[in-house]
Amino acid sequence: ATMPPLLSAIANAGRHGVLVKSAVVMERLGQVDAVALDKTGTLTEGTPRVTDIRPLAASSLDEDGLLTLAAAAEHPSEHPLARAILDAARTRGLYIPVVTDFSSAPGTGVTATVDGCTVAAGSPARLLSEGDGHPAAVVAAQLENDGRTAVVVIRDRTPVGVLGIADRLRDEAATTVTALSTLTGATPILVTGDNPRSAVRLAAEVGITDVRAGLLPQDKVTTVRELQQTGRKVLVVGDGVNDAPALAAAHAGIAMGRAGSDLALETADAVIVRDELATIPTVVALSRRARRLVI
Ligand code: ADP
Ligand code: MG
């Protein structure tokens, strides 16, 4: 017996390293006419590195002191930015004190008690009050204009320094965006929790002009729903816990398999097992061919 077209398309997708969870999903992948791509860990490799360590003069901290505080507060976090900060601290051989009262807020950052002080590390846009011209905000804006993600470190409510973190664009990001534009007739949009400055800069490198930055997980859902209200069938591609709600809301959701969070992998309709972005347009095309055979 010959296999039904959608099932052989699933097998074929599997050979390309894409795990498609059902025939319904295989069919939906070919119907999409809009694409929303996450930035960190999706368009970028997701292995960010600390590039700048900027203690503020008033803090009386040196680079190691600032990095130690940040690493301590981030220690319990699994966020890629936390891993970058811990790697940098370990590379410098710093001793990282144990923290208590750790908590994290998606799209914002972390807080913990370090040596009796409350230390927060995270997004300058969310943690610094708008337009107060604090030196930390000035340094953060400089770093963001250079395409970095800035992490501000705050001790007992006083900003003490800023870290600059950079992630590499995946080699196949630009060609994937072009292929998806051609297939769907619409250039993908970028949805990210990161700051608009570095998001717009990175988007330009891959040919994306529609950038939605500074989004919380629920804002990513709102973006998907808005597109759906204009009659679009949206494909969402993401990797993080913060992408899970949008993956669930999408017509089809694809998760990055290699470093993707468990929640993203479970919520998505399909998983790119080896993180090869170029297989996304491949499965859309496979779906379309199978649907032509079905109909
Ligand atoms: P993305 O949508 O780009 O994958 P996230 O929603 O995970 O990004 O994070 C958005 C922003 O929230 C980050 O750019 C950072 O400013 C802040 N943030 C989130 N988690 C952390 C953390 N553990 N430490 C520092 N900043 C964080
Ligand atoms: Mg991400």
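Residues numbered from 1 in each chain as written. Chains lettered and ligands numbered in written order. Predicted model: local features only at pLDDT ≥ 70, side-chain atom pairs only at ≥ 80, totals over all residues.

As annotated in an unreviewed UniProt entry, the chain carries the name Heavy metal translocating P-type ATPase and comes from Microtetraspora fusca.

1. As for the site of ligand 1
What counts is decided by this rule: To decide nearness, the C-beta atom of each residue is placed from the backbone, and the residue is near a molecule or strand if that atom lies within 6 Å of it. To qualify as a helix, a DSSP run of H or I must reach at least 4 residues; to qualify as a strand, a run of E must reach at least 2; elements of each kind are numbered from the N terminus. Just so you know the grouping, Ala, Val, Leu, Ile, Met, Phe, Trp, Tyr, Cys and Pro go in nonpolar, Asp, Glu, Lys and Arg go in charged, and all remaining residues, Gly too, go in polar.
Taken together, 24 residues sit near ligand 1, with Thr40, His79, Ser123, Gly193 and Asn242 positioned nearest. Counting only elements with at least two residues in the shell around ligand 1, the list comes to α3 (39-43), α5 (80-91), β5 (109-114), β6 (117-122) and β7 (149-155). Among the elements that line the shell around ligand 1, the one with the most residues is α3, at three residues. For the shell around ligand 1, the per-class residue count stands at five nonpolar, 15 polar and four charged.

2. With respect to the sheet that holds strand β3 (residues 49-55)
Applicable threshold: Strand pairing is defined by DSSP finding a minimum of two bridges between the two strands. Between the N-to-C directions of two axes lies an angle of 0 to 180 degrees, each axis being a line fitted to C-alpha atoms and, for a helix, fitted only over the stretch in contact. Two residues qualify as being in contact provided that their C-beta atoms, derived from the backbone, are within 7 Å of each other.
Read from one edge of the open sheet, six strands run β3-β8-β7-β6-β5-β4, paired in antiparallel fashion. The strands lining the two open edges of the sheet, one partner per strand, are β3 and β4 (100-105). Sheet twist, expressed as the mean angle between neighbouring strand axes with direction ignored, is 15 degrees. Sheet strands touched by helix α4 (residues 63-74): β3, β5, β6, β7 and β8 (158-166). Its angle to β5, the strand with the most contacts, is close to 105 degrees. Running over the sheet, α5 touches β3, β7 and β8 and is turned about 75 degrees from β3.

3. Considerations on the nonpolar core
Put simply, the rule reads: Any nonpolar core is a set of buried residues, restricted to Ala, Val, Leu, Ile, Met, Phe, Trp, Tyr and Cys, that join up through C-beta atoms within 7 Å. With C-beta atoms placed from the backbone, a residue is buried if 20 or more other C-beta atoms are within 10 Å of its own, exposed if 12 or fewer are, and partly exposed between those counts.
In this structure, Val234, Leu235, Val236, Ile254, Ala270 and Val283 are the most contacted members of the largest nonpolar core, which totals 52 residues. For this core, the element with the highest residue contribution is helix α13 (residues 279-294), accounting for five residues. When neighbours within four sequence positions are excluded, Leu235 is seen to be in contact with Val32, Val35, Ala250, His251, Ala252 and Ile254. One finds Ile53, Ala82, Leu128 and Leu143 within the second-largest nonpolar core, a separate group that totals 39 residues.

4. Let's talk about the packing of α4 against α5
This is how the line gets drawn: Our angle categories are set so that under 35 degrees counts as roughly parallel, over 145 as roughly antiparallel, 65 to 115 as roughly perpendicular, and the remainder as oblique. Left-handed describes a crossing whose near helix is turned anticlockwise from the far helix through less than a right angle; right-handed describes the clockwise counterpart.
Running from amino to carboxyl end, α4 crosses α5 at an angle of 135 degrees, the nearest separation of the two axes being 9 Å. Relative to α5, the element α4 lies oblique. Our pair here, α4 against α5, has a crossing hand that is left-handed. Contact residues: α4 offers Leu67, Thr68, Ala70, Ala71 and Glu74, while α5 offers Ala82, Ile85, Leu86, Ala88 and Ala89. Its residues placed into classes, the contact of α4 with α5 shows eight nonpolar, one polar and one charged.

5. Looking at the domain arrangement of the chain
Our working definition: Those domain boundaries reflect an automatic or database domain assignment.
We note that the domain assignment places domain 1 (5-45 + 168-294) and domain 2 (49-166) within the chain. For domain 1 and domain 2, the distance between their C-alpha centroids amounts to 30 Å. Contacts between domain 1 and domain 2 engage 14 residues on the former and 10 residues on the latter. At the level of secondary structure, the elements contributing two or more residues to the side of domain 1 that touches domain 2 comprise α3 and α9 (196-206). For the side of domain 1 that touches domain 2, the element with the most residues is α9, which contributes four residues. Along the lines of polarity and charge, the residues of the side of domain 1 that touches domain 2 split into four nonpolar, seven polar and three charged.

6. Digging into the pairing of strand β12 (residues 252-256)
Which entries qualify depends on this criterion: Seen with the strands pointing away from the viewer, any crossover whose path from the first strand over the helix to the second strand runs clockwise is right-handed.
Counting buried positions along β12 yields five of five residues, so the element is predominantly enclosed. Side chains Ala252, Ile254 and Met256 project from β12 onto one buried face, and the interleaved Gly253 and Ala255 project onto a second face that is buried too. Direction of pairing for strand β11 (residues 234-238) relative to β12: parallel, over a ladder of four bridges. For Gly238, the partnering residue across the bridge sits in β12 and is Ala255. As for the winding sense of the linkage, the β-α-β connection from β11 through helix α11 (residues 244-249) to β12 is right-handed. As judged from the three bridges shared by β12 and strand β13 (residues 270-272), these two strands associate in the parallel manner. By the bridge assignment, Ile254 is partnered in β13 with Ala270. Chirality of the crossover, the property in question, places the unit of β12, helix α12 (residues 262-267) and β13 among those that are right-handed.

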